[in-house]
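Structure assessment
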Amino acid sequence: MKDCIFCKMIEGKIPCNKIYEDKKTLAFLDINPINKGHTLVIPKEHSKNILDVNQKDLDDVSETVRKLAPKIKKAVKADGINIMSSNGEAAGQAVPHLHIHIIPRFKDDGLEHWKGKSYEEGKAEKIAEDIKSLI
Ligand code: 5GP
Ligand code: ZN
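Reading the values: the criteria
Residues numbered from 1 in each chain as written. Chains lettered and ligands numbered in written order. Predicted model: local features only at pLDDT ≥ 70, side-chain atom pairs only at ≥ 80, totals over all residues. Heavy atoms only, no water. Donors = N, O, S within 2.8 Å, 3.2 Å for Na, K, Ca; no water. Tetrahedral: all angles 85-135°; square planar, octahedral: opposite > 155°, others 65-115°. Helix = DSSP H or I, 4+ residues; strand = E, 2+ residues; numbered from the N terminus. Buried < 20%, exposed > 50% of the residue type's maximum accessible area, 1.4 Å probe, protein only. 1 Å grid on protein atoms, 1.4 Å probe; cavity = no way out; pocket = protein on both sides within 12 Å on 5 of 7 lines; lining within 4 Å. Points joined across faces, edges and corners; volume = space filled by probe spheres on them. Nonpolar A, V, L, I, M, F, W, Y, C, P; charged D, E, K, R; others polar. Pairing = 2+ DSSP bridges. Near = heavy atom within 4 Å. Polar contact = N/O pair within 3.5 Å; in protein donor to acceptor, adjacent residues only side chain to side chain. Areas by Shrake-Rupley, 256 points an atom, 1.4 Å probe, with all protein chains shown as cover. Sits in = over half its atoms within 2 Å of the grid points.

Notes on the coordination of the zinc ion (ligand 2)
Taken together, C4 (SG), C7 (SG), H46 (ND1) and H97 (ND1) make up the full set of protein donors to the zinc ion (ligand 2), lying 2.0 to 2.3 Å away. One can describe the site at the zinc ion (ligand 2) as tetrahedral: its four donor atoms subtend angles covering 102 to 117 degrees at the metal. Motif for the zinc ion (ligand 2), donor spacing along one chain: C-x2-C-x38-H-x50-H. Of this pair, C7 sits in helix α1 (residues 5–10) while H46 sits in the loop between β3 (39–43) and α2 (55–75), and the two are 39 residues apart along the sequence. According to the relative accessible area criterion, C7 is buried, its value standing at 4%.

What about the layout of surface pockets?
Taken as a whole, the largest pocket spans an internal volume of roughly 330 Å³. Around the largest pocket sit 21 residues that line it, and F28, L29, D30, I31 and L40 are the ones nearest its centre. Of all elements in the fold, only α1 and β2 (25–29) reach the threshold of two or more residues within the lining of the largest pocket. The element contributing the most residues to the lining of the largest pocket is α1, with three residues. For the second largest pocket, the calculated volume is near 270 Å³. If you trace the second largest pocket, you find it lined by I34, N82, M84, I103, R105, L111, E112, H113 and W114. Every element with two or more residues in the lining of the second largest pocket is listed here: β4 (80–84) and β5 (100–105). Among the residues making up the lining of the second largest pocket, the classes are represented as five nonpolar, two polar and two charged.

What to know about the pairing of β3
Working note: regular strand, side chains alternate between the two faces of the sheet. β3 sits mainly inside the fold: five of its five residues count as buried. Along β3, one buried face is formed by T39, V41 and P43 and the opposite face, lined by L40 and I42, is buried too. Bridge count for β2 against β3 is five bridges, and the pairing is antiparallel. Each bridged residue has a counterpart across the sheet, and for T25 the counterpart in β3 is P43.

Focus on the site of ligand 1
Taken together, 16 residues form the shell around ligand 1, and within it L29, D30, A94, H99 and H101 come nearest. In this structure, a nitrogen atom belonging to ligand 1 sits 2.9 Å away from a main-chain N or O atom of L29. A total of 520 Å² of accessible area belongs to ligand 1 in isolation, and the protein chains cover 80% of it. When atoms are counted within 2 Å of each cavity's grid points, the one that captures over half of ligand 1 is the largest pocket. Those elements giving two or more residues to the shell around ligand 1 turn out to be α1 and β2. Looking at the shell around ligand 1, its residues break down into nine nonpolar, six polar and one charged.

Here it is as structure tokens:
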């Protein structure tokens, strides 16, 4: 897709530190890593995000994530891995081409998990019903 930086990477028009490529997916180091080894996995077919992607492309991306996560963890001697995806501007998505973050984590890396909220009485049941009614 024109004007998409990740599509330009796939076409080789923008350089990246590529770590893996197959027919359907590409994986490269994030330019501003949260921790060393922070990798992005993208489908070669442009889709905006997980709300837009077709099942096959998502399956292919998933397979690449599963293949690479243990290798990245081993290469940087991480203690754990976060798999993360931002979908939509409100969720913090900056690049509108589907990408899954593989983020190596270290016991002392200082990153804090999001704090959870709690539901008011009866609200969780109502929201569960609202969601289920759409499936
Ligand atoms: P988002 O916030 O959309 O989930 O994540 C976008 C990610 O893409 C960010 O972590 C950012 O550092 C990374 N990124 C943005 N532009 C480039 C680039 O030109 N090259 C690489 N390798 N990563 C990029
Ligand atoms: Zn794209």
